[in-house]
Amino acid sequence: MNMILAKNIGFCSGVKRIIHLVETMSKGKKKVYYWGALIHNSVELARLNDIGIKEFDGNVKSGENAIVVTRAHGTSKEEVEMLRKKVKVLDGTCPKVIKIHQMVDKAIKEGYRVIVYGNERHAEMKALRKDYENEVKIISDVNSIEGLTMSDDEKLLLISQTTMMKEDFEKIAFALKNKFKNLRVYNTICEETLARQKEAIDIAKSVDVVLVIGGKNSSNTNTLVKIAKEYNTRVFHVEDEKALFPGMFINANTVGVLSGTSTPIYLVKRIIEKCKS
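Attention here is on the structure that accompanies the text. Quick caveat, the model's predicted, so the values are computed rather than measured.

As for the overall build of the protein chain
Next, step 1: Counting its regular elements, the protein chain contains nine helices and 12 strands.
Next, step 2: A compact globule built from 277 residues should have a C-alpha radius of gyration of about 19 Å, and the protein chain, at 20 Å, falls within 12% of that.
Next, step 3: Seen through its C-alpha atoms, the protein chain measures out along the principal axes to roughly 60 × 60 × 25 Å.
Next, step 4: Counting across all 277 residues of the protein chain, residues that qualify as buried make up 51%.
Next, step 5: Long-range contacts, defined as pairs at least 24 residues apart, comprise 73% of the intrachain contacts of the protein chain with a sequence gap of at least 6.
Next, step 6: Accessible surface, the protein chain: about 13,800 Å² in total, of which carbon and sulfur atoms supply 49%.
Next, step 7: Positive and negative side-chain charges of the protein chain, numbering 45 and 35 respectively, have mean locations separated by a distance of 4 Å.

Quick notes on the sheet that holds strand 8 (residues 156-160)
Next, step 1: Within the open sheet, the four strands sit side by side as 7-6-8-9. Their pairing is parallel. Since the sheet does not close on itself, it has two edges, and those belong to strand 7 (136-139) and strand 9 (183-185), each with one partner. The sheet shows a mean angle of 25 degrees between the axes of neighbouring strands, taken without regard to direction.
Next, step 2: By the bridge criterion, five bridges tie strand 6 (residues 113-117) to strand 8 in an arrangement that is parallel. Within strand 8, the residue paired with V116 across the bridge is I159.
Next, step 3: Where helix 4 (residues 95-109) meets the sheet, it contacts strand 6, strand 7 and strand 8, and its direction lies at approximately 175 degrees from that of strand 8.

Some thoughts on the side chain of T261
Next, step 1: For T261, the position within the fold is in the loop between strand 12 (254-259) and helix 9 (265-276).
Next, step 2: Contact partners of T261, with chain neighbours within four places excluded, come to G10, F11, C12, V15, T193, R196 and N220.

Quick word on the state of the cysteines
Next, step 1: For the structure shown, the criterion picks out zero disulfides.
Next, step 2: Among the cysteines around C94, which has no disulfide bond, C12 carries the closest sulfur, lying 6.1 Å off.

A short note on unusual backbone geometry
Next, step 1: Despite not being glycine, N251 has its phi angle at roughly 60 degrees, a positive value.
Next, step 2: With respect to the helices, strands and loops of the structure, N251 is situated in the loop between strand 11 (235-238) and strand 12.
Next, step 3: We classify N251 as exposed; its relative accessible area is 71%.

Remarks on the sheet that holds strand 12
Next, step 1: Spatially, 1-12-10-11 is the arrangement adopted by the four strands of the open sheet, whose pairing is parallel. Two strands close off the open sheet at either side, each with one partner strand: strand 1 (2-5) and strand 11. Looking at each pair of strands side by side, their axes are set apart by 25 degrees on average, direction ignored.
Next, step 2: Looking at chain direction, strand 10 (residues 209-213) and strand 11 are connected through four bridges and run parallel. Counterpart to V212 in the pairing with strand 11 is H237.

A closer look at the layout of surface pockets
Next, step 1: Roughly 340 Å³ of internal volume is contained in the largest pocket.
Next, step 2: Lining the largest pocket are 19 residues, with T75, K77, D91, T93 and H101 sitting closest to its centre.
Next, step 3: Those elements giving two or more residues to the lining of the largest pocket turn out to be helix 3 (77-84), strand 5 (88-90) and helix 4.
Next, step 4: In terms of residues, the lining of the largest pocket owes the most to one element, helix 4, which gives five residues.
Next, step 5: When its residues are assigned to classes, the lining of the largest pocket shows six nonpolar, seven polar and six charged.

Topic: the pairing of strand 12
Consecutive side chains along a regular strand alternate between the two faces of the sheet.
Next, step 1: Counting buried positions over the six residues of strand 12 gives six, a clear majority of the element.
Next, step 2: With burial as the criterion, each face of strand 12 is covered, one bearing T254, G256 and L258 and the other bearing V255, V257 and S259.
Next, step 3: Alignment of strand 1 against strand 12, held across four bridges, turns out to be parallel. The partner of I4 across the bridge, within strand 12, is G256.
Next, step 4: Looking at chain direction, strand 10 and strand 12 are connected through five bridges and run parallel. Residue pairing in the sheet places V209 in a bridge with V255 of strand 12.

With respect to the nonpolar core
A general trend in soluble globular proteins is that nonpolar side chains are found buried together.
Next, step 1: Core analysis: the biggest nonpolar cluster contains 48 residues, and L176 and F249 have the highest contact counts within it.
Next, step 2: Once residues within four sequence positions are removed from consideration, L176 is found in contact with I115, I145, L148, L158 and L183.
Next, step 3: If you look at the next biggest cluster of nonpolar residues, it comprises 17 residues, including I18, Y34, L38 and L45.

Criteria and thresholds
- Residues numbered from 1 in each chain as written.
- Predicted model: local features only at pLDDT ≥ 70, side-chain atom pairs only at ≥ 80, totals over all residues.
- Heavy atoms only, no water.
- Helix = DSSP H or I, 4+ residues; strand = E, 2+ residues; numbered from the N terminus.
- Rg over C-alpha atoms; globule rule 2.2 N^0.38 Å.
- Buried < 20%, exposed > 50% of the residue type's maximum accessible area, 1.4 Å probe, protein only.
- Contact = heavy atoms within 4.5 Å.
- Areas by Shrake-Rupley, 256 points an atom, 1.4 Å probe, with all protein chains shown as cover.
- Lys, Arg positive; Asp, Glu negative; His and termini not counted.
- Charge placed at Lys NZ, Arg CZ, Asp CG, Glu CD.
- Pairing = 2+ DSSP bridges.
- Axes fitted to C-alpha atoms, helices over the stretch in contact; angles between N-to-C directions.
- Disulfide = S-S within 2.5 Å.
- 1 Å grid on protein atoms, 1.4 Å probe; cavity = no way out; pocket = protein on both sides within 12 Å on 5 of 7 lines; lining within 4 Å.
- Points joined across faces, edges and corners; volume = space filled by probe spheres on them.
- Nonpolar A, V, L, I, M, F, W, Y, C, P; charged D, E, K, R; others polar.
- Core = buried A, V, L, I, M, F, W, Y, C linked by side-chain atoms within 4.5 Å.

Laid out in structure tokens, this is it:
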């Protein structure tokens, strides 16, 4: 059985940055915690827990020299201020998510209403909504456009959650341009996410089976699964090697392997070894 591995595999630059940050800090004198889900991968979070880097429960132990690193997907200003009253805080937000907040802030000051294509339950969107509640409208698909109440003469900006699907963003942009005349569109889907989406198409077309490795709560991983299923009927979303079963590979000569941006490379290697055995 031939395994075809995507070129864009393992952690993205933003996840590498935050994992390196917490690991480096944990070697010092401070007790390192993270706030919320640092990244969306339970296997990697379990590894961090094993080396003493744990999720912050809101309480600092007496005499503890602690620091809390905020999640990669962003944390609202209100949450950060709440944390700072208790403990030292270090911003772990991905620079590409920070750029979106800066873009929204600038647009609002210039008189724009902001429409964001995203999942309102995702941490990235929760933080954005909390910071800009009245100025930002989050939509999940083309059908959501009907519920928008902006007037035709308002200045509007369309952007996207960093982990969403390019094809869907383009459909939403097209529909909004037909509805509102004063619309600016800026594709803020992460470039690394876009590269993985393109690879998902190419690989899904050329193999018998596709394995997509990543957390079930990972937006970008779920997007890869959705894309791959458009081109291949045998697509499996696996969180770790325990999810593999022999029936996946019946009559399969080629298996394509993709991963979400929060998936550690050691997990990818473990799954490949299990497949080969």
